[in-house]
Amino acid sequence: MGRGKIVIRRIDNSTSRQVTFSKRRKGLIKKAKELAILCDAEVGLMIFSSTGKLFEFSSNSMKSVIEKYNKSKEGQQQLLNQASEMKFWQREVANLRQQLQSLKEHHRQCMGEQLYGLSVKELKGLESQLEMSLQGIRMQKEQILTDEIEELNEKSNLVHQQNMELFKKVYGTTAVNSESRNACIPYGMSISDDSHVPNQLQLRRPNQQT
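These figures come from a predicted structure and were not determined experimentally.

*Asks:* Which parts of the structure should I look at to understand the pattern of salt bridges?
*Replies:* Proximity of charged atoms lets side chains of opposite charge pair with each other. The tally for this structure, following the rule as stated, stands at three salt bridges. In this structure, the salt-bridge partner of D12 is R10, at a minimum N-O distance of 3.8 Å. Classification of D12 as exposed rests on a relative accessible area of 66%. R10 sits in the exposed class, given a relative accessible area of 59%. Salt-bridge contacts for K155 lead to E151; the nearest nitrogen and oxygen are separated by 3.8 Å. Here the residue K155 and the residue E151 both occupy positions in helix α3 (residues 120-171), the gap between them amounting to four residues, near one helical turn. The class for K155 is partly exposed, based on a relative accessible area of 47%.

Next up, the structure:
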């Protein structure tokens, strides 16, 4: 008659538990030795009893087995990290490709191409975007032109001040005949009678000859 199946659970009786531990520990160490000899395997076995006592077996050196184990775990973790990182970058590349494709389609639509398949609502939205972009471009152009005009006015004021200083040196600070002053001003500029009021350059058109 065969032996009955043993239920694997904690043995409550301390004496029976200690006897079972001793028997199975010896059997486990015996199996480890056989495995190392028969299969030329490097085996390391550590057992701690319930009281904390250490029992160990190693086919070579427990220290070398532990070092080899740590290196193997580090290598496996590194491979897992590399695989995880590769999957992450693959997802990123796929997302970027999708975004690039969407941007290309939107650019072509802004250029008036590939509008087929768009609904009236989508076309109105595209039209609104283009109008807003055009308005922004015009505002930027006006700002640049305004800045250039201000810069030219500043240069004009500087030239006017230099001319006034030149007139003072040549004619003195007393009243100067307007014709003589205008004669000394380069063509295209005029100066008001009040020398204390800053003037700007004014472009004159040449008189048409009859």
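*Asks:* Please explain the packing of helix α2 (residues 62-110) against α3 as it appears in this structure.
*Replies:* Each pair of packed helices gets described by two things: the angle between the helix axes and the distance between those axes. Taken N-terminus to C-terminus, the directions of α2 and α3 make an angle of 75 degrees; their axes are 11 Å apart at the nearest point. Put simply, α2 runs roughly perpendicular to α3. The residues of α3 that touch α2, namely those facing H106, Q109 and C110, are L126, Q129 and L130. For the contact of α2 with α3, the per-class residue count stands at three nonpolar, three polar and no charged.

Rules behind the numbers
- Residues numbered from 1 in each chain as written.
- Predicted model: local features only at pLDDT ≥ 70, side-chain atom pairs only at ≥ 80, totals over all residues.
- Heavy atoms only, no water.
- Salt bridge = Lys/Arg side-chain N within 4 Å of Asp/Glu carboxyl O.
- Buried < 20%, exposed > 50% of the residue type's maximum accessible area, 1.4 Å probe, protein only.
- Helix = DSSP H or I, 4+ residues; strand = E, 2+ residues; numbered from the N terminus.
- Axes fitted to C-alpha atoms, helices over the stretch in contact; angles between N-to-C directions.
- Parallel < 35°, antiparallel > 145°, perpendicular 65-115°, else oblique.
- Contact = heavy atoms within 4.5 Å.
- Nonpolar A, V, L, I, M, F, W, Y, C, P; charged D, E, K, R; others polar.

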